[in-house]
Amino acid sequence: MSTQQEGERVRGWLTGRLPSDWFDGEPEVSIDRDEILVVGKIPAPQQNGEVSAAERSAAEEGRIKQFREDTREKRIEIARELEHATRKKVAWGVQAGETRTVFTSLSAPVMTRLRQPERQVLDTLVDAGVARSRSDALGWCVKLVAQHSENWLAELRDAMTKVEDVRRAGPDTTES
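What you see is a predicted model, and the numbers here were worked out from it, not measured in a lab.

A closer look at the packing of aromatic side chains
Here comes step 1: A complete count under the given rule lists four aromatic pairs for this structure.
Here comes step 2: Pairing W22 with W92 gives two aromatic rings, centres 6.0 Å apart and planes at 80 degrees, and the pair type is edge-to-face. Here W22 is found in the loop between α1 (3-17) and β1 (28-31), whereas its partner W92 is found in strand β3 (residues 89-96), with 70 residues between them in sequence.
Here comes step 3: The interplanar angle of 35 degrees and the centroid separation of 5.6 Å between the aromatic rings of F23 and F67 together place this pair among those described as tilted. One end of the pair, F23, is in the loop between α1 and β1; the other, F67, is in helix α2 (residues 53-86), and 44 residues separate them in sequence.
Here comes step 4: Exposure remark for F67: the relative accessible area of 10% places this residue in the buried category.

So this is what it looks like as structure tokens:
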């Protein structure tokens, strides 16, 4: 099954399975080889008058905590069903106003071999206190690259989807 088909299938299943009063609109669903992340928007708390950014943020964090506690059992039930169907872990997150929180997300180990110049970059980040370890430094580097090359990565993902479509339409496929 292609990545696009899997995403459509998971989004459709969640549309039918999630309680309709949980989120404002459809949740954001992202899928990789290991995990399905479901992030829904919930209403931000109403606050009277002008409030500081700290007060607004604290209110949004409180609303997210309330949602997390109120929906825990049902989220676990839905996640188990989806994990059984897809053989992938399911993580949940919520956005209230400007505050986005992912509750429990998979942290997957990645093996890599680095030459000395790359190791020196990681060690510099550790020595400067930017990261606690080479592993943290590598994660930090990946986040930085993703942040600065978002458009290019989106184009690359689109191109990979087109390649999947061409493969499916290849000469070995049978027309129905």
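Let's talk about the environment of R17
Here comes step 1: Tracing the backbone shows R17 in helix α1.
Here comes step 2: Beyond its immediate chain neighbours, meaning those up to four positions away, R17 contacts K74, E77, I78 and E81.
Here comes step 3: Polar contacts involving the side chain of R17 include one to the side chain of E81, which spans 2.7 Å.

Each value, and the rule that gives it
Residues numbered from 1 in each chain as written. Predicted model: local features only at pLDDT ≥ 70, side-chain atom pairs only at ≥ 80, totals over all residues. Heavy atoms only, no water. Phe/Tyr/Trp six-rings, centres within 6.5 Å; stacked < 30°, edge-to-face > 60°. Helix = DSSP H or I, 4+ residues; strand = E, 2+ residues; numbered from the N terminus. Buried < 20%, exposed > 50% of the residue type's maximum accessible area, 1.4 Å probe, protein only. Contact = heavy atoms within 4.5 Å. Polar contact = N/O pair within 3.5 Å; in protein donor to acceptor, adjacent residues only side chain to side chain.

Any functional reading would require information that these geometric values do not contain.
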